[in-house]
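# Reading the structure
Each chain is listed here by its residues.
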Amino acid sequence: MESMPSTPSTGPVSVPVRSPVPVPADPQQCQLVNGAALDSGDGRGPSAADGPDTGTGPGDGPQSVAEHGDRSRTVPVVGGPQARTERTVPPDGDGPADQPAGPSRTAGAQTGTVRIGGPVTGTAVADGPVPSGPPDDGPVVRDGPEAVPVVRADLGAVLLDELRSTLARYVVLPSSHALDAVTLWVAATHGQPAWQHAPRLAVVGPAKRCGKSRLLDIVTETVHDPLITVNASLPAVFRSITEDPPTLLVDEADTLFGTSKAAERNEELRGVLNAGHQRNRPAVRMVGNGPDMRPGKFPTFAMAALAGIGDLPDTIMDRSVVVRMRRRAPGESVQPFRSALDTKPLHDLRDRVADWFRPLLPRAVGMLPVMPVADRAADTWEPLVIVADLAGGHWPATARAACAAMCAHEAGLDEDGDGAKIRILQDIRTVFTTLGDPPALATATLLAQLRALEEAPWAEFGVSGLTARGLQLLLKDFGVSSSNIRFPDSRQAKGFVRNDFLDPWRRYCPEPAPPQVEGGSLA
């Protein structure tokens, strides 16, 4: 079986670089480029010695392009609302003349073009300050395979801000951190070939009408190559994942994993979602017919967004940026989403984000950002933080603050799985510290102290609170168990020795390092 061809990249077409060509940052201030004199800003064009003006007369246009061949180039210039002119400079140095440019592809943005004589074989980036313009001014490169973008220095931060405000217009997210996280996750889908891990976006809520499906609607229109899997067979999903993978979208995921029978029927999909979180984890299936059957490897690496009522399976939640939706409160309003009206602007925003980020993939591959979390949480959030670091502005700090806050929130909620095991270690340390760090504690004393801790789950743990048997099960994986201990008052009872906890405490719940003191003040 052959895999389906990959979807063409939405990024600008790369041109082999033979010699860099400077492009003026200001359409009113031009320089000598490859021997062609451009307008110096006084409206006079080049000197009379350069010959008569034959650049953009009424009969020029397509004829001029054909006449000059590949020595004439079109370059979009980002400018303000009035910067809509087309300048043509033939390779022989004839002067430019202005004429109105065609309509802009982006609603609200004004884009002009510059034709530069001579062979242009590189991607030009403005050296000086970029003229101010609407937030959606960007490297709009849709005029042909040789168009060269002029990139704003702050383009990434501006685009992420615009994407964030667009999401907030349609959906009320539970927190500003959640809104930041979804914004970065959507942008990260356009850089999947650069990532080592493909984070999942788990959009969950306690009930219907919390905005889960609406958020997925907006995400669908802004991510890279969306693939809705609700009606797709697993073999079709396998064959859709390529070196530049699509973004998998699963709505109503609770119907796939909500019951034991449903989870059993969809175990293969769950396996794909788990394996696809990390690169180089292919699925192996038999392909061919009859005697020609052989094992074949299918890539699974792809970012995925899942929405559903209640938590998803632990293995998926652990690999996800988790957004816990809630119903809108009175006074909270959103803009309705209508495909006929909203799809085109969302696609335009998606294309501009892709045009900005795709050329940055080589840089993204080599980045190892400083993360505020560790282990799998760091793997999951790393692509989002890299996107923020490349965008600049406030986004590097914003991304790390969202990462730390949302991961800490999920760790506090995970008290039925591994989170309960970590929590019991932390609370046992609290009990020992409160009682003066005795060398040992009787099981009955330890249980009574644990149940008495405020905001701890142990009084309601299980059917009738945490029991001695339940405590043993929670501590089993850490190699800690009770034993017969003779206490100073000569009584003998089952209990726990404090030294048995020292290694688990150090590995699984280390105490935060004390703040460093420099010059008599906290660093």
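The coordinates are above.
In this report, the structure presented in the accompanying data block is examined. (Residues numbered from 1 in each chain as written. Predicted model: local features only at pLDDT ≥ 70, side-chain atom pairs only at ≥ 80, totals over all residues. Heavy atoms only, no water.)

Under the 1.5 Å per step criterion, the end-to-end length of helix 3 (residues 176-188) is 18 Å for 13 residues, consistent within 8% with the ideal 18 Å. Most of helix 3 is tucked away: 11 of the 13 residues are buried. Every buried residue belonging to helix 3 is among Ala178, Leu179, Asp180, Ala181, Val182, Thr183, Leu184, Trp185, Val186, Ala187 and Ala188, and all of these are buried. (Helix = DSSP H or I, 4+ residues; strand = E, 2+ residues; numbered from the N terminus. Expected span 1.5 Å × (residues − 1). Buried < 20%, exposed > 50% of the residue type's maximum accessible area, 1.4 Å probe, protein only.)

Further remarks concern the packing of aromatic side chains. Applying the stated criterion across every chain, the model contains 10 aromatic pairs. On the numbers, 4.9 Å between centres and 65 degrees between planes, the contact of Phe478 with Tyr508 is edge-to-face. Within this pair, whereas Phe478 is found in the loop between helix 16 (468-476) and strand 14 (483-486), its partner Tyr508 is found in helix 17 (residues 502-508), the two being separated by 30 residues in sequence. Taking 6.1 Å as the distance between ring centres and 45 degrees as the angle between the ring planes, the aromatic pair formed by Phe496 and Phe501 counts as tilted. On the basis of relative accessible area, Phe496 is assigned to the buried category, the value being 1%. Of the aromatic side chains, those joined through ring pairs into one cluster are Phe432, Phe496, Phe501 and Trp505. In this structure, Arg279 packs its charged tip against the face of Phe301, placed 4.1 Å from the ring centre. When the ring centre of Phe487 is taken as origin, the NZ or CZ atom of Arg491, which lies over that ring, is 4.8 Å away. (Phe/Tyr/Trp six-rings, centres within 6.5 Å; stacked < 30°, edge-to-face > 60°. Lys NZ or Arg CZ within 6 Å of the ring centre and 35° of its normal.)

On to the environment of Ile424, then. For Ile424, the location among the structural elements is in helix 14 (residues 418-434). Using a relative accessible area of 0% as the deciding quantity, one classes Ile424 as buried. Along the backbone, Ile424 and Leu475 are 51 residues apart, and their C-alpha atoms lie at a distance of 8.1 Å. In this structure, Ile424 is in contact with Leu450, Trp458, Leu466, Leu471, Leu474 and Leu475, ignoring residues within four places of it in sequence. (Contact = heavy atoms within 4.5 Å.)

Moving on to the pairing of strand 11 (residues 304-309). Walk down a regular strand and you will see the side chains alternate between the two sheet faces. Counting buried residues in strand 11 gives five out of six residues, a clear majority hidden from the surface. Where strand 6 (residues 200-205) and strand 11 come together, six bridges link them in parallel fashion. By the bridge assignment for strand 11, Val203 is matched with Ala307. Both strand 8 (residues 247-250) and strand 11 contribute to a ladder of three bridges, which runs parallel. Residue Leu249 lies in a different strand from strand 11, and its bridge partner there is Ala305. (Pairing = 2+ DSSP bridges.)

So, about the pattern of salt bridges. Taken as a whole, this structure holds 17 salt bridges when the rule is applied. The residue Glu410 makes a salt bridge to Arg324 at a minimum N-O spacing of 2.9 Å. Taken together, the positions of Glu410 in helix 13 (residues 395-413) and Arg324 in strand 12 (residues 320-324) put the pair 86 residues apart, joining distant regions of the chain. Residue Glu410 is classed as buried on the basis of its relative accessible area of 18%. Residue classification places Arg324 among the partly exposed positions, given a relative accessible area of 25%. (Salt bridge = Lys/Arg side-chain N within 4 Å of Asp/Glu carboxyl O.)

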